[in-house]
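What the coordinates show
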Amino acid sequence: MTRQSTVESEQGPSAAAREEVQVPPIRPGAYDPADYAEAVVRSSGAAGVSPLLVMTVLHNEAYKPHHPLLERLWQWWKPGASFGVANMHRATFERVRRTHDLPGRWQDLRDDPAFAIHAAALHLRDLDRGLPRRHVGRYSRDELLALGYNTGERNMRAFARGVPPGPMARSYLRRFRAYRSRAAEALAMADRGDPGDTAAE
């Protein structure tokens, strides 16, 4: 990879790639993370993380509508809310932005799903670098990274040492495990070029 292409991959998807990624629908319940499988594959490849990890995290974070208008209304009611299809908080985004010299602002996550997915993939890579190679056997590496995405790096490292997660983290982990097969199917369909809808599963 040339230096120029490395810089481009760090900064995010190209303008053409970003235009291909549609804004989620405004209808509550109509959002399907599988619609973003191609963006997940691109961003995870650029970040060097598992696309299955990124896609499963997107499924876990799909509990609220992600249309930009709805996110603006949500932030009006809850100023500290997270943004974008990957539900990233401002402090986390700013850390990723500084580490990887990303263009754009935290608010752009709600309007640009491709950018939100790219930032999430980079954050997961950063978490992976902070996770010890050896950890307790009850969790896979991806499970610990998902817990880190949800609860922060310090908690992730504690879980890796054997500290038991609290109720909310355990709930997140249960959903992560439950969504794993759906996320894998979404990626398989994208790989085959199938336009199918996994929401009906």
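Provided above is the structure to which this section pertains.
The shown structure was predicted, so the numbers you read here are calculated from the model rather than taken from an experiment.

Across its full length, the protein carries eleven helices and zero strands. For the protein, the succession of helices and strands along the chain, N to C, is α-α-α-α-α-α-α-α-α-α-α. Burial analysis of the protein (201 residues in total) assigns 47% to the buried set. When the accessible surface of the protein is summed, it comes to about 10,500 Å², and 52% of that surface belongs to carbon and sulfur atoms.

In this model, helix 8 (residues 113–130) (18 residues) spans 26 Å end to end at C-alpha, consistent with the 26 Å of a helix rising 1.5 Å per residue. Most of helix 8 is tucked away: 16 of the 18 residues are buried.

Below, the discussion takes up unusual backbone geometry. The backbone of Asn 87 shows a phi angle near 50°, a positive value even though the residue is not glycine. As for its position among the elements, Asn 87 is in the loop between helix 5 (68–77) and helix 6 (90–100).

So, about the environment of Ala 34. Considering the arrangement of structural elements, one finds Ala 34 in the loop between helix 2 (15–20) and helix 3 (37–47). Between the alpha carbons of Ala 34 and Ala 183 there is a distance of 7.2 Å; along the sequence they are 149 residues apart.

Analysis parameters
Residues numbered from 1 in each chain as written. Predicted model: local features only at pLDDT ≥ 70, side-chain atom pairs only at ≥ 80, totals over all residues. Heavy atoms only, no water. Helix = DSSP H or I, 4+ residues; strand = E, 2+ residues; numbered from the N terminus. Buried < 20%, exposed > 50% of the residue type's maximum accessible area, 1.4 Å probe, protein only. Areas by Shrake-Rupley, 256 points an atom, 1.4 Å probe, with all protein chains shown as cover. Expected span 1.5 Å × (residues − 1).

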